[in-house]
Amino acid sequence: MAYNSAMSTYKETKIKTASQGQLIIMLYDEAIKQLGRAVELAELNSSGKKEPSRIEMIGKAIMKTEAIIAELMASLDFERGGEISQNLFSLYGWFNRELLEANISQDKVRLAKVRNMIVELRDSWYELFSKNAQEAEVREVQGINIAG
């Protein structure tokens, strides 16, 4: 019980202190995790008897992913992001439609396709934010004048 409480506090602190870029990466990571779980469960169902409890767990994982995608959609800045934001909004909408269909049909191929695309997006965002963080560190270091 104490471990769960400590872990929950740690996660909460990590979220509260994260930069915008880190939060986006965390959302992608959780979506990837949830879809990975859904794919695994769908594969178990397709290789044997479909169990109601497994179907329910797949549905929950997909719904969590849909909620994450909705959060990513809500975080888009159309004013500053322009065409990129519009394209991401369309892509996120497509993800949610695919997930809805995959949930109804328990289609592991559709789930895996969306998961793979989210992995690519996550990796692109990670690269972008890592590069920007490194450039910010260089600017900070260059801005210090200890000579007086």
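One can find the structure itself at the top, above this paragraph.
Sequence order as written defines the numbering, with residues in each chain counted from 1. Local features in this predicted model are restricted to residues whose pLDDT is 70 or higher, and side-chain atom pairs enter the listing and the counts only when it is 80 or higher, whereas totals over whole chains, interfaces and linings include all residues. Remark: hydrogens and water are excluded; side-chain values derive from all non-hydrogen atoms of the structure.

1. Section: the side chain of E98
One can find E98 in helix α4 (residues 78-105). Owing to a relative accessible area of 12%, E98 belongs among the buried residues under this scheme. Whenever a nitrogen or oxygen atom comes within 3.5 Å of another N or O atom, the pair is scored as a polar contact, on the condition that within protein one atom can donate a hydrogen and the other can accept it, and that pairs from neighbouring residues in sequence are kept only if both atoms are in side chains. At a separation of 3.0 Å, a polar atom in the side chain of E98 contacts the side chain of R110. Among all residues touching E98, those that are not within four sequence positions of it are R110 and V114. Helix numbers and strand numbers start at the N terminus; a helix is a DSSP run of H or I with at least 4 residues, a strand a run of E with at least 2. In this scheme, a residue with accessible area under 20% of its type's maximum is buried, one over 50% is exposed, and one in between is partly exposed, where area comes from a 1.4 Å probe on protein chains only. Whether two residues are in contact is decided by their heavy atoms, any of which lying within 4.5 Å being enough.

2. Regarding the side chain of N96
For N96, the position within the fold is in helix α4. On the basis of relative accessible area, N96 is assigned to the buried category, the value being 19%. Setting aside residues up to four positions removed in sequence, N96 forms contacts with E66, I69, A70 and M73.

3. Concerning the packing of aromatic side chains
Stacked, tilted and edge-to-face are the three classes applied to pairs of Phe, Tyr and Trp rings, where Trp contributes its six-membered ring and a pair requires centres within 6.5 Å; stacked means planes under 30 degrees apart, edge-to-face means over 60, and tilted covers the rest. Within this structure, the stated rule accounts for four aromatic pairs. Between the aromatic rings of F78 and F89, the centroid separation amounts to 5.6 Å while the plane-to-plane angle is 70°, which identifies the pairing as edge-to-face. When its relative accessible area of 38% is taken as the criterion, F78 is described as partly exposed. Taken together, the ring pairs in this structure connect Y92, W94 and F95 into an aromatic cluster.

4. As for the pattern of salt bridges
Pairs can form between side chains of opposite charge whenever their charged atoms are close. The rule for a salt bridge is simple: a side-chain nitrogen of Lys or Arg has to be within 4 Å of a carboxyl oxygen of Asp or Glu. Scanning the entire structure with this criterion turns up six salt bridges. One salt bridge connects E56 with K60, and the closest N-O pair in it is separated by 3.5 Å. With E56 and K60 both in helix α3 (residues 52-74), this residue pair falls four residues apart, about one helical turn. Residue classification places K60 among the partly exposed residues on the basis of a relative accessible area of 44%. Several salt bridges share partner residues, and in doing so they unite D29, R122 and D123 into one network.

5. Some thoughts on α4
Expected span of a helix, by definition, is 1.5 Å for each gap between consecutive residues, and there is one gap fewer than residues. Between the first and last C-alpha of α4 there are merely 34 Å, a value that for 28 residues lags more than 12% behind the 40 Å anticipated at 1.5 Å per step. To get the bend at any residue, fit one axis to the seven residues that end at it and another to the seven that begin at it, then take the angle between the two axes. By the largest-angle criterion, I84 marks the main kink of α4, which is about 70°. Residues of α4 that are buried include every one of S85, L88, Y92, G93, F95, N96, E98, L99, A102 and N103, and no others. Capping the start of α4, D77 holds a side-chain oxygen 3.1 Å from the backbone nitrogen of E79, two or three residues further along. Q106 lies just past α4 and shows a positive phi near 55°.

6. Examining the layout of surface pockets
There is about 390 Å³ of room inside the second largest pocket. Every definition here rests on a 1 Å grid over the protein atoms only: cavities are sets of points where a 1.4 Å probe fits but cannot get out, pockets are open sets enclosed by protein on both sides within 12 Å along at least five of seven lines, and lining residues have some atom within 4 Å of a point. What lines the second largest pocket is a set of 16 residues, and nearest its centre among them are Q20, I24, D77, S85 and W125. At the level of secondary structure, the elements contributing two or more residues to the lining of the second largest pocket comprise α2 (20-47), α4 and α5 (108-142). Grid points are joined across faces, edges and corners, and a volume is the space filled by probe spheres set on the points.

7. Examining the nonpolar core
Y28, Y92, L111 and I118 are the most contacted members of the largest nonpolar core, which has 28 residues in total. Those elements that place two or more of their residues in this core are α2, α3, α4 and α5. Among the elements that line this core, the one with the most residues is α2, at ten residues. Filtering out sequence-adjacent residues up to four positions away, L111 remains in contact with L35, A38, V39, A42, I62, L99 and A102. Remark: nonpolar core denotes a set of buried residues (Ala, Val, Leu, Ile, Met, Phe, Trp, Tyr, Cys) joined through side-chain atoms within 4.5 Å.

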